[in-house]
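Per-entry structural report
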Amino acid sequence: MRAAVTILVVAALASVPLWLRDPYLLNALITTGIFVVGAMSLNLLLGFTGQLSLGHIAFFGIGAYVSALTSLGFDVGLPGGVRLVHAPWPPIAGFLLAILVAGLCGYFVGLLSFRVRGAYFVIVTISFAEVVRLVALNWVELTQGPLALTNIPSIALPLPGIGELTLRTKMQNYYLVLVVALVAYLLIARLVHSHFGRAMRGLMENETLAVSVGIDVTRTLTLAAVISAAIAGAAGSLYAHYIRIIDPEVFAFINTVTMVIMVISGGKGSLAGPVIGGLIFGLLPVALRPVMAPEAQWIAYGGVLIAILFVLPRGIVPSLAQRFIRPRSGAPALAPVALTETGAKEPA
Amino acid sequence: MTARSIAMNIEQVAVRFGGLVAISDMSFTVGEGEIVSLIGPNGAGKTTAFNVMTGFLTPSAGQVTYQGTTLTGLKPHEIADLGLIRTFQRTGVFPNDTVYDNLLIGLHRQGRVRLLDAILGLPGARASERRLRQRASELIEWVGLERRAHDAAGSLSYGEQRLVGVALALAAEPSMLLLDEPVSGMNASETHRFVELIRSIRDRGITILLVEHDMPMVMTVSDRIVVLNYGRIIAEGTPDVIRNDPAVIEAYLGHGAGRA
Ligand SMILES: Nc1ncnc2c1ncn2[C@@H]1O[C@H](COP(=O)(O)OP(=O)(O)OP(=O)(O)O)[C@@H](O)[C@H]1O
Ligand SMILES: [Mg+2]
């Protein structure tokens, strides 16, 4: 049953470029798909560990820049008169490096912030994103600053024995994004249903109890941060090679907010949540474009978000699942019986 | 008392919260395979003692050693890895998960697999997963919660939640178990069953330190009792000795009768 639904959804998604010929819509679907991957990565942290990364776009942006610079090459002066010269590598190497570097950044951010719980992680991630944005803006020799990195090559898939396939058309990029999204989805699904996912859930629900049965908080949360950041980095790389131009605006706070909205509306802590939320908020601009100026659209997003959460408070997927699939009793715990009343009747 | 090897050694532990002395100069030992109860009126410092033993609190003075390892500076999860596992007076379960999933989380220590194995679903990880599921079912059966296995733990009655808490602790494969008021909120028959449960836990070779207000139960089950009052040990001995100890009677009467 589950497998059938999955196959059906994947087949439907895969069929889209075959009947959707409008390049504008296909373009919207591709960028939406890239942001859906970003939202899925955010959900791994927010939904499955309860940690809010309010600078999540940093990992996405780092992935974009790392991938772009790897494939464009650079020649920069470092302190001490050293010059760092890098000849262009194939974009696919950039993609892999983007995952690696973003993951490493996730590791350090996690290491910095997970010794203390609560708002600390939120603050560290926001600051991190801002610092990275300033670097991208001011290290002009490397990043071109506000002038943007341009002419980023499209991803080319090496085909052993034949050569390589450069993904130039929208249809090709659509399938690339779809495959990456499916892999990310599967990876997150496997992770959260494993031993590691249970440790994350345990920590989120009752940290004291979780550590008392041997769950290592710092390690578990850091692991989630690394994987989340790495996936966000992959999405960033896709973005860079698809749009083929990036500037420091990619690090804008509003981009993180967009991802958070996607996760919350679709339902944090559910695998499909960020996909549904991502599709809605990714495609909403397309629907609103004829009727609203881009600035005014944010008001509409707010309205849609509020409407969704008003009707489905836990987000679309979890609320619907609760309503239609598995009605749980949800009865609250009984009040504790007064201590003095118990056991007294028990013979010694 | 027969000579046993010492499982836990509490040496001159003191805990202060600002000006409040929660525990002062506490020293006692628990032998391997023994059932020792730590009793005392409300606020005596029993839970605080548990918090020190399991790494949730650092003592202001003194130290605890468990099976030869000094616990000072270890984090709770590291202490759990030594096989020293506790239950909680209040927050005992993962409320939004089913009882079954609660136990799977509790089996963390048994389920460690490599990340890549888990993500790729390699045979080793699958076999481990099967073992965990099997074990979770066994534990649920063992505490008699089969009918509740697929209900959210937070929806269970208070007494049932306590059982889940104990099953969770057992899932972590303790060599020593610290139980903080396990039968509070249980009715007489539940308590009776629980005593049987404690005995069978001990029969598996697990050392038990019990904090409990239910005196009849404590007297029935304990090999030895340590009595705490205002953070000090005021008596220590077998149930018969404690029952007739004037200082103990005084401490309990001083806090209002009815408990002892
Ligand atoms: N984190 C804390 N900060 C400040 N004071 C605390 C803290 N934890 C406990 N105390 C105080 O230390 C004393 C001992 O508390 P503790 O919880 O150990 O008592 P207890 O013996 O477990 O009592 P009960 O039978 O009610 O559970 C009490 O006066 C309590 O108010
Ligand atoms: Mg207590």
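The shown structure was predicted, so the numbers you read here are calculated from the model rather than taken from an experiment. (Residues numbered from 1 in each chain as written. Chains lettered and ligands numbered in written order. Predicted model: local features only at pLDDT ≥ 70, side-chain atom pairs only at ≥ 80, totals over all residues. Heavy atoms only, no water.)

1. Some thoughts on the overall build of chain A
A tally of regular secondary structure across chain A gives 14 helices and 4 strands. Computed over the C-alpha atoms, the radius of gyration of chain A is 23 Å, within 12% of the 20 Å expected from 2.2 N^0.38 for a compact globule of 348 residues. Based on the C-alpha atoms only, the size of chain A along its principal axes is roughly 85 × 55 × 50 Å. The buried share of chain A, reckoned over its 348 residues, is 49%. When contacts within chain A are restricted to residue pairs at least 6 apart in sequence, those whose partners lie at least 24 apart make up 72%. Roughly 16,400 Å² of accessible area belongs to chain A as shown, and the carbon and sulfur atoms make up 71% of that amount. Chain A carries 20 positive and 13 negative side-chain charges, and their two centres are separated by 10 Å. (Helix = DSSP H or I, 4+ residues; strand = E, 2+ residues; numbered from the N terminus. Rg over C-alpha atoms; globule rule 2.2 N^0.38 Å. Buried < 20%, exposed > 50% of the residue type's maximum accessible area, 1.4 Å probe, protein only. Contact = heavy atoms within 4.5 Å. Areas by Shrake-Rupley, 256 points an atom, 1.4 Å probe, with all protein chains shown as cover. Lys, Arg positive; Asp, Glu negative; His and termini not counted. Charge placed at Lys NZ, Arg CZ, Asp CG, Glu CD.)

2. A closer look at the coordination of the magnesium ion (ligand 2)
All names here are of chain B. Within the protein, the atoms that donate to the magnesium ion (ligand 2) are Thr-47 (OG1) and Gln-89 (OE1), at distances of 1.9 to 2.1 Å. Of this pair, Thr-47 sits in helix H1 (residues 46-53) while Gln-89 is found in the loop between strand E6 (84-86) and helix H3 (99-106), placing the two residues 42 residues apart along the sequence. Thr-47 gets classed as partly exposed once you look at its relative accessible area, which sits at 26%. With relative accessibility at 19%, the residue Gln-89 sits in the buried group. (Donors = N, O, S within 2.8 Å, 3.2 Å for Na, K, Ca; no water.)

3. So, the interface of chain A and chain B
Taken together, the contact between chain A and chain B spans 39 residues of the former and 54 residues of the latter. For the pairing of chain A and chain B, the buried interface totals around 3,900 Å² over both sides, and the portion due to carbon and sulfur atoms is 61%. Summed over the shared surface of chain A and chain B, the number is 2 salt bridges. In this structure, the salt-bridge partner of A:Arg198 is B:Glu129, at a minimum N-O distance of 2.7 Å. (Buried area = accessible area lost by both parts, 1.4 Å probe. Salt bridge = Lys/Arg side-chain N within 4 Å of Asp/Glu carboxyl O.)

4. Side note on the site of ligand 1
Residues and elements named next belong to chain B. Taken together, 13 residues lie near ligand 1, and Lys-46, Thr-47, Thr-48, Gln-89 and His-213 sit nearest. For ligand 1, an oxygen atom lies 2.8 Å from a polar atom in the backbone of Gly-43. Gly-45 places a polar main-chain atom, nitrogen or oxygen, 2.9 Å from an oxygen atom of ligand 1. Its free accessible area being 640 Å², ligand 1 has 62% of it covered by the protein chains. Among the elements of the structure, strand E2 (20-31) and H1 are those that each provide at least two residues to the shell around ligand 1. For the shell around ligand 1, the element with the highest residue contribution is H1, accounting for 3 residues. (Near = heavy atom within 4 Å. Polar contact = N/O pair within 3.5 Å; in protein donor to acceptor, adjacent residues only side chain to side chain.)

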